[in-house]
Amino acid sequence: MVNIIHVLEDFSLSSGGLRTVVKKLNEKLLGNGLNSKIVSTRSEVEDDIILVNGGSIPWRYSSNLIKELDQLNNNKKIDLIHIHGVWMYPQYATAKYALKNNIPYIITCHGMLEPWLWTKGKFKKEQYFKHVVYKYFERANYLHAITPLEANELCKLFPKSKIKTIPNLISLNASVVENNNFNVKYILYLGRLDEKKGIDILINAFAKLNDKQIRLKIAGGFNDYKNELIKIAKDLNILERIDFVGLVKGLEKEKLYKEAFVFVAPSHSEVIGMVNLEAAKYHTPVITTYQTGLLKEWNNNGGVLINLSENNLYSELSKAVNWSIKERNLRGQKLRNFIEKEYSWNTKIKDWIHFYKTIKNEKN
């Protein structure tokens, strides 16, 4: 039995794709006979995790995190700690704790060290990275990269570290294609409302489309950035063609995916992006960026990858909205088949289990 502890600063719904990835990984490990627990400073009421304090404090400083890790290690020896994220106290303190107690640990950065993100608050990030966490992160047993693109960036930052690449994965139910005449044709964006996501570029590209009957639906929890997006749409005189849907979950979210003519995630920086896989899961074609690190074969399997610019996105949107229903559905089916092969838990969980057991055996 391998005893694994996952640590991240935020396991609540507001953490978006990070919650999705860690939650599903934990469930799959438990379902395959490994002992797995999650430790975080934030969660939802229904979550069965170890909740430590610090969820509303700057840097997510937690005064009882180390005590909880000690208790876990004393009750049942920890074989491996899996740290998710890089910038907050839980990651720093846990890496330091693991090193001090000779517990193997791996770090998944989840795209948080991607080049585009260094442009935001660069000086503070560089100082923190260099003087606070680097000496603990570089001594991790492995750094886990989600895409080959991220692996290349991590090699530059940690030239002496061992790096393992396993993609984000998704659970797939039985494949069912539903008939849809797309009487109301819409383009869908779903995710956090954030500058990083390229939603402003999407709105500008959408404004250039000749077919004024096509709508743009933007789904994601409302925040201050929504006001900036509304201003862009007003200035372009297209606000009446855009629906700001808000946060969606469950069946409402599934319905949005299924009924979208095309899904668009024009992110400046991402590690795959769970929304891309979720849309493909529901047989919806996806336009996204090379910066997601998705396999380039995405382009040959019903999806579209672009280098992000307004002109590039407009060009692909104008083609997509003119697909016949038959072509749209064929693309969706091909993309669904592709992610089933390359990005599904059914085919890839064995990679995680082998990886964890390898680390445990290396220590022994």
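Everything here concerns the structure above.
Residues numbered from 1 in each chain as written. Predicted model: local features only at pLDDT ≥ 70, side-chain atom pairs only at ≥ 80, totals over all residues. Heavy atoms only, no water.

Observations regarding the pairing of strand 4 (residues 80-84)
Working step 1: When you tally the buried positions in strand 4, you get five out of five residues, the bulk of the element.
Working step 2: Residues L80, H82 and H84 line one face of strand 4 and the alternating positions I81 and I83 line the opposite face, and both faces are buried.
Working step 3: When strand 1 (residues 3-8) meets strand 4, the two strands line up parallel, connected through four bridges. Across the sheet, the residue bridging to V7 is I83, located in strand 4.
Working step 4: For strand 4 and strand 5 (residues 105-108), the ladder comprises four bridges, and the chain directions are parallel. Note on strand 5: the bridge partner recorded for I83 is I107. (Buried < 20%, exposed > 50% of the residue type's maximum accessible area, 1.4 Å probe, protein only. Helix = DSSP H or I, 4+ residues; strand = E, 2+ residues; numbered from the N terminus. Pairing = 2+ DSSP bridges.)

Digging into the pattern of salt bridges
Working step 1: Summed over all chains, the structure comprises 19 salt bridges.
Working step 2: Residues R215 and D243 are paired through a salt bridge, measuring 2.9 Å at the closest nitrogen-oxygen approach. Remark: D243 occurs in strand 10 (residues 242-246) and R215 occurs in strand 9 (residues 215-219); sequence separation between them is 28 residues.
Working step 3: Since its relative accessible area comes to 23%, D243 is described here as partly exposed.
Working step 4: In this structure, the salt-bridge partner of E316 is K319, at a minimum N-O distance of 3.5 Å. Placement of the pair is E316 and K319 together in helix 11 (residues 310-320), with a separation of three residues, close to one helical turn.
Working step 5: For E316, a relative accessible area of 19% corresponds to the buried category.
Working step 6: On the basis of relative accessibility, which here comes to 47%, the residue K319 falls in the partly exposed class.
Working step 7: Via salt bridges that share partners, K196, K197 and E270 belong to a single interconnected network. (Salt bridge = Lys/Arg side-chain N within 4 Å of Asp/Glu carboxyl O.)

Considering the nonpolar core
Soluble globular proteins: nonpolar side chains tend toward being buried together.
Working step 1: Counting residues in each nonpolar core, the largest one holds 43 residues, and the members touching the most others are I81 and L113.
Working step 2: If you tally residues by element for this core, the top one is helix 3 (residues 89-100), at six residues.
Working step 3: If we skip the residues at most four places from it in the chain, I81 touches I5, V7, T94, Y97, A98, I103, P104, Y105 and I106.
Working step 4: Grouped together as the second largest cluster of nonpolar side chains are 34 residues, L209, Y225, I230 and W323 included. (Core = buried A, V, L, I, M, F, W, Y, C linked by side-chain atoms within 4.5 Å. Contact = heavy atoms within 4.5 Å.)

A word on helix 1 (residues 17-31)
Working step 1: An ideal rise of 1.5 Å per residue puts 21 Å on 15 residues; helix 1 measures up with 21 Å between its terminal C-alpha atoms.
Working step 2: Within helix 1, the full set of buried residues consists of L18, R19, V21, V22, L25, N26 and L29.
Working step 3: In this structure, the buried residues of helix 1 make contact with strand 1, strand 2 (35-40), strand 4, helix 10 (274-281) and helix 13 (345-363).
Working step 4: At the exit of helix 1 stands G33, carrying a positive phi of roughly 85 degrees. (Expected span 1.5 Å × (residues − 1).)

Remarks on unusual backbone geometry
Working step 1: Located in the positive-phi region is W59, a residue other than glycine, with phi close to 70 degrees.
Working step 2: Its place among the elements puts W59 in the loop between strand 3 (50-51) and helix 2 (65-75).
Working step 3: With a phi close to 75 degrees, I272 is a non-glycine residue in the positive phi region.

Topic: a nonpolar patch on the surface
Working step 1: Side chains of I57, W59 and Y61 sit close together on the surface and give an oily, nonpolar patch of about 270 Å² of accessible area.
Working step 2: The class of W59 is partly exposed, set by a relative accessible area of 33%. (Patch = residues over 30% accessible without salt bridge, like charges linked within 9 Å, V, L, I, M, F, W, Y side chains within 5 Å. Areas by Shrake-Rupley, 256 points an atom, 1.4 Å probe, with all protein chains shown as cover.)

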